[in-house]
Amino acid sequence: MALLCLACSFDLYAQSIDYDIVYVRQARFGDATNTVWPEVGHPGRIDPGADLVLRHPDGSEEVLVDCTDCAVTDPVVGFEAEWVYYSLFHDVSEDALNPQRNDLSVAGADVFRIHLVSRAIEQLTFGEFTPNTGSGNWDETDPVDPPSGHNRLGYGILNLGPMPLPGGRLAFTSSRNGFIPTRPFTTPTMQLFVMDDDGENVEAIAPMTLGSALHPTILKDGRLMFSSYESQGLRDRRLWGVWAIQPDGRAWEPLVSAMSSPEAFHFMTQVSSGDIVVEAYYNINNNGFGALYAFPPSPPAGEPAFNSWDPAQNPQIDMTPSNGQPGSFTMAYTPRGYYAVTPMTHHNDDAAPLGDDGQRVGKFTHPSAAPGNDLLVVWSPGPANDLDRPTPEPYYDAGVYLVPDTAPVWHPDQLVPLVEDEGFNAAWPRAVVPYRAIHGVDEPAELEWLPNDGSAHPELPEGTPHGLVGTSSLYKRESFPHAGDEDFDGLDPFNTSQNRNGNNRRWSNWFYQGADAGKYDNSDIWAIRILAMEGIPDRRYGPNGGSTNGFVSHANERLRILGEIPVRKFDQEGAPVLDPEGNPDTSFLAKLPADTPFTFQTIDRNGMVLNMSQTWHQVRPGEMRADCGGCHAHSQQPLAFESTAAAQPGFEVPDLSDGTPLLTHDDAGEPVLEHRPERVVDVEFLRDVRPILQDHCVQCHNGAQNAGNLDLSETTLVDGCSWNVPDLPGDYRRLAADECADYGYAPVISNGSWRQTNASRYVRKFQSRRSLLAWKVFGQRLDGWTNADHPTESTPGDAETLPEGTDPNEADLDFTGTIMPPPDSGVPPLTIGEKMTIARWIDLGAPIDLTSQLGYPPDLGWFMDTQRPVLTIASPRPERTPQPVDVIRVGAADANSGLADGSLSIRADFPVLGRPAGAELVDLAVLESDGSWAIALPEGLPGNLVDAHVFAEVADVQGNVTRVSRRFHTTGTGRIFSDRFRQ
């Protein structure tokens, strides 16, 4: 009787819903055949025939977009509920898919909108292709089938995830830059863009998204949240977190960090209460179905945004695992106020839990806010998992349901059914109501758009193409892992056959959470290294193509040194300057080219990595970003940057766009700076490391003498360690790519391989302090432990010679012998510069250029500049431009190969200073400062310009071109729309 009453009440609840809903009607092939849904592992895949449907309160429906070979996805309702924006895959029939490229469609996908009253449809993107032109021979008009001799993607451009923004703008994600991620677990790289809602003023707002970004979603406070692929460095290739960013690309920050076991935080919404709802799911095997969680958009006053780095110090979150017994879980850095919306199920990679009736209770996806703090969801009963864990059948049978008041759902009977039909899957529900009906305001807050007006800092003059980055403290850090080995002081073991620690948690250091390179104290911190990061163009088809990108490195990414900045400060008496918390002041502030992805490494006096920030960062033109309050100290209250030395007037801000400062040692062995003229410093094996080995090592480490069972004289190609690794030179293979232990002394663990972050016996990835090679060239153990701390076999490679009773998983290597080369060998010793070169090479991922063996031009491998120049138009402002417009101001810079001489172009589609529309104007521009050019307009621009444009273009020496088209209006009323619909 109770269940009957509950069903009756939910039926009445459904009848009380007085608004339309749009949703996507996707294919379903019965209980025994799976379907394909876009999700983090394959955002560009979907079954054909997905229609956009409008459902009325009385249950009647209209098909708004009818597809046979096409497919609709990602619908979203405009703020006034007059338009529905969506993405359309033009053709996803079997013949249109490229099986060599993850079944991506050659036709791609574009953003459209439909006017709900007139049913008029407008296309807003058109498959625009904007590759880095210096990375190959591209035809920018055709990414799929260009004329012979060109590179090609072999699939169409994807424009996905449209999201209306206040001020008449639209955010979306696009693959138009032609990148692929550093890890092959999703493809292609989707990046964040913003444009006017008629397709003008397109701007890449997050060049840092070199992994991928999906589904930007507006928050009431004006920020955008989006799902970010967190594959940087050595992190697990399955991790996705949710970040927030301002619509102009400034002030990005984490909302839900990807710091736990492999899972994706993806689909998201904000409900009437202000809470954010996100979905967690395991990729690929669940079609994007998992569990929903919610948390407030900001923490309580005076509290940090996140709980502890230690999962045990985080709140228990309700979840029901596959066995059907309610339980809970914890994770590092849980957002404050985090709770389960769907505790009846889980987000793991197995079947949904069994319910009281013996049937599996299903999983959820596609949360969407509705009036009255209600939540629209897509729910499928059954396993909602593709694997035999224990069964995938019946396959997904998804409908649209409502969660009243976004209250926790412990049983399927608490869901209010809105769309149920075994003949299709329902996806992407959206309430067709004005934004005010959900959030109480007409539209989200409109944040100021990229001011770049010279007010942020004296080092950032108006129109600059640069930004500033800094922090208040490197002592205030949480770089340590949450899942380690007690015998290794909470860090990861040296080499173990085990995948988990004694608490059954996966080793997290460098993989999930934490990136400490051995044991150290804060007193070891000496400097910060800033690394430029560059994307990977998808040049696999066509000239100089193939499966590689012309290099190998431990993270498959180009990392280049922008600068190394000492952070310790001393007063006139030589005493350390202290920060307000009583620690040595380790604040810093540096200038660098904007729109250049970068990351940080904290380094010691020898320039060796102590810890690393394994994520992407950026600053936009004119942005100063120094408010993080520490070094990954998310669960602590920040130390105000304004209170530290780097914020004070007169602090000398290093300019990393004008050469590269590097640590070295003086004659007394004390760290000092040297200034290199290069914009970035690369350290690569063939050019920089092999000559050192040839001059100082092969005299003993050769095939004849074989000192230490290590032959560094072999430079011919040998097989890679696995099928997906190319042939590599023998010396490189032995040092940096011998996980399978084909050479030298064998590991003592049972499976006989070098595991964790070991690349070989000699090199630990990104960790020179834990690498035997670095110990030998510096002549001492460097990882913070002593030989006595852990057992080691007395005969290298022979597990039988470990001390009696030793667990091989707890063993490590000892430092024995002398510095290399030995002082009595007759071989000249290494200089400090050579030693630090080897350490930097390890800490940059041990890159090796393969262009010579692949037959590529030398500028298309490791040394290829794949980051296009930064180009910004600071005046005129986009759209309605404040009067008077008395200057055209353009900023340009390049972080790597530099701007090509004479490549800057400035034009306008209106007369300027007596020159006709379309004429070149760059000769009128004066270089004012800091890469900012200005064309003074003494009489200002006319006050009646509508749909006027300034066009700028610049190239770097590599040949990458950046173009900006700025549309603006000098009329008081702004844009005059070409259609008849009110915006």
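Residues numbered from 1 in each chain as written. Predicted model: local features only at pLDDT ≥ 70, side-chain atom pairs only at ≥ 80, totals over all residues. Heavy atoms only, no water.

Draft legend 1. Broad picture of the overall build of the protein. Each helix and strand counted, the protein has seven helices and 51 strands in total. A globule of 983 residues ought to have a C-alpha radius of gyration of about 30 Å, and the protein, at 29 Å, matches this closely. C-alpha extents for the protein along the principal axes are approximately 90 × 80 × 60 Å. The buried share of the protein, taken over its 983 residues, is 62%. Considering only intrachain contacts with a sequence separation of at least 6, the fraction spanning at least 24 residues in the protein is 66%. Within the structure as shown, the protein displays about 34900 Å² of accessible surface, and the carbon and sulfur contribution to it stands at 49%. Looking at the protein, you have 68 positive and 136 negative side-chain charges, and the mean spots of the two groups are 2 Å apart. (Helix = DSSP H or I, 4+ residues; strand = E, 2+ residues; numbered from the N terminus. Rg over C-alpha atoms; globule rule 2.2 N^0.38 Å. Buried < 20%, exposed > 50% of the residue type's maximum accessible area, 1.4 Å probe, protein only. Contact = heavy atoms within 4.5 Å. Areas by Shrake-Rupley, 256 points an atom, 1.4 Å probe, with all protein chains shown as cover. Lys, Arg positive; Asp, Glu negative; His and termini not counted. Charge placed at Lys NZ, Arg CZ, Asp CG, Glu CD.)

Draft legend 2. Examining the domain arrangement of the protein more closely. What the domain assignment lists for the protein is domain 1 (1-439), domain 2 (452-479 + 516-682), domain 3 (683-846) and domain 4 (870-969). The gap between the C-alpha centroids of domain 1 and domain 2 is 34 Å. Facing 52 residues of domain 1, the contacting portion of domain 2 comprises 35 residues. Interface area, domain 1 with domain 2, both sides summed: about 3800 Å², of which 54% is carbon and sulfur. Looking at the side of domain 1 facing domain 2, the largest losses of area belong to Thr182, Gln232 and Trp252, adding up to 19% of the total buried there. Scanning the region where domain 1 abuts domain 2 turns up one salt bridge. The interface formed by domain 1 and domain 2 includes 24 residue pairs in polar contact (both at pLDDT 80 or more). Looking at the side of domain 1 that touches domain 2, the elements with two or more residues in it are strand S12 (179-180), strand S14 (203-204) and strand S17 (240-245). Its residues placed into classes, the side of domain 1 that touches domain 2 shows 25 nonpolar, 18 polar and nine charged. (Domains from an automatic or database assignment. Buried area = accessible area lost by both parts, 1.4 Å probe. Salt bridge = Lys/Arg side-chain N within 4 Å of Asp/Glu carboxyl O. Polar contact = N/O pair within 3.5 Å; in protein donor to acceptor, adjacent residues only side chain to side chain. Nonpolar A, V, L, I, M, F, W, Y, C, P; charged D, E, K, R; others polar.)

Draft legend 3. Seen up close, the pairing of strand S34 (residues 558-566). Within S34, eight of the nine residues are buried, which leaves the element mostly enclosed by the surrounding structure. Looking at chain direction, strand S31 (residues 527-534) and S34 are connected through eight bridges and run antiparallel. Across the sheet, the residue bridging to Glu534 is Arg558, located in S34. (Pairing = 2+ DSSP bridges.)

Draft legend 4. Representation of the environment of Gly241 within the structure. Inspection of the secondary structure puts Gly241 in strand S17. Residue class for Gly241 comes out buried when judged on its relative accessible area of 0%. In the structure, Gly241 is positioned 14 residues away from Ser227 in sequence and 5.7 Å away in space, judged by C-alpha atoms.

Draft legend 5. Quick look at the packing of aromatic side chains. Tallying each qualifying case throughout the model produces 27 aromatic pairs. Relative to Phe480, the ring of Trp309 has its centre 4.7 Å away and its plane inclined at 75 degrees; by these criteria the two rings are edge-to-face. With Trp309 in the loop between strand S21 (291-295) and strand S22 (317-319) and Phe480 in the loop between strand S30 (466-471) and S31, this residue pair connects regions lying 171 residues apart in the sequence. Using a relative accessible area of 25% as the deciding quantity, one classes Trp309 as partly exposed. On the basis of an interplanar angle of 70 degrees and a centroid distance of 6.1 Å, the ring pair of Tyr732 and Trp841 is categorised as edge-to-face. Taken together, the residues Tyr732 in helix H4 (residues 730-736) and Trp841 in helix H6 (residues 832-843) connect sequence positions 109 residues apart. According to the relative accessible area criterion, Trp841 is buried, its value standing at 0%. Grouping aromatic residues by their ring pairs yields a cluster made of Tyr293, Phe295, Phe329 and Tyr338. The ring of Phe424 is capped by Arg25, whose NZ or CZ atom sits 5.0 Å from the centre of that ring. The ring of Tyr541 is capped by Arg152, whose NZ or CZ atom sits 4.6 Å from the centre of that ring. (Phe/Tyr/Trp six-rings, centres within 6.5 Å; stacked < 30°, edge-to-face > 60°. Lys NZ or Arg CZ within 6 Å of the ring centre and 35° of its normal.)

Draft legend 6. Quick peek at the confidence of the model for the protein. Chain-level pLDDT for the protein is 94 on average; 97% of the residues reach the 70-or-more range. Confidence over residues 1-5 falls short of pLDDT 50; this stretch has one contact with residues more than four positions distant or in other chains. A low-confidence stretch, residues 976-983 (pLDDT under 50), is modelled with 19 contacts involving residues beyond four sequence positions or located in other chains. (pLDDT = per-residue confidence, 0-100.)

Draft legend 7. Focus on the side chain of Asn314. Looking at the secondary structure, you find Asn314 in the loop between S21 and S22. What makes Asn314 buried here is its relative accessible area of 5%. Within the structure, Asn314 has its side chain in polar contact with the backbone oxygen of Asp310 (distance 2.8 Å). Setting aside chain neighbours within four positions, we find Asn314 in contact with Asn307, Ser308, Thr330, Met331, Ala332, Tyr333 and Thr334.

Draft legend 8. Expanded view of the UniProt feature "domain: Hydrazine synthase alpha subunit middle" (unreviewed entry) in the protein. Within this structure's numbering, the places UniProt gives as "domain: Hydrazine synthase alpha subunit middle" (unreviewed entry) are residues 583-632. Annotated as residues 583-632, this span is 0% helix and 36% strand, and its ends, taken at the C-alpha atoms, are 17 Å apart. (UniProt positions renumbered as here; feature names shortened; annotations may be inferred.)

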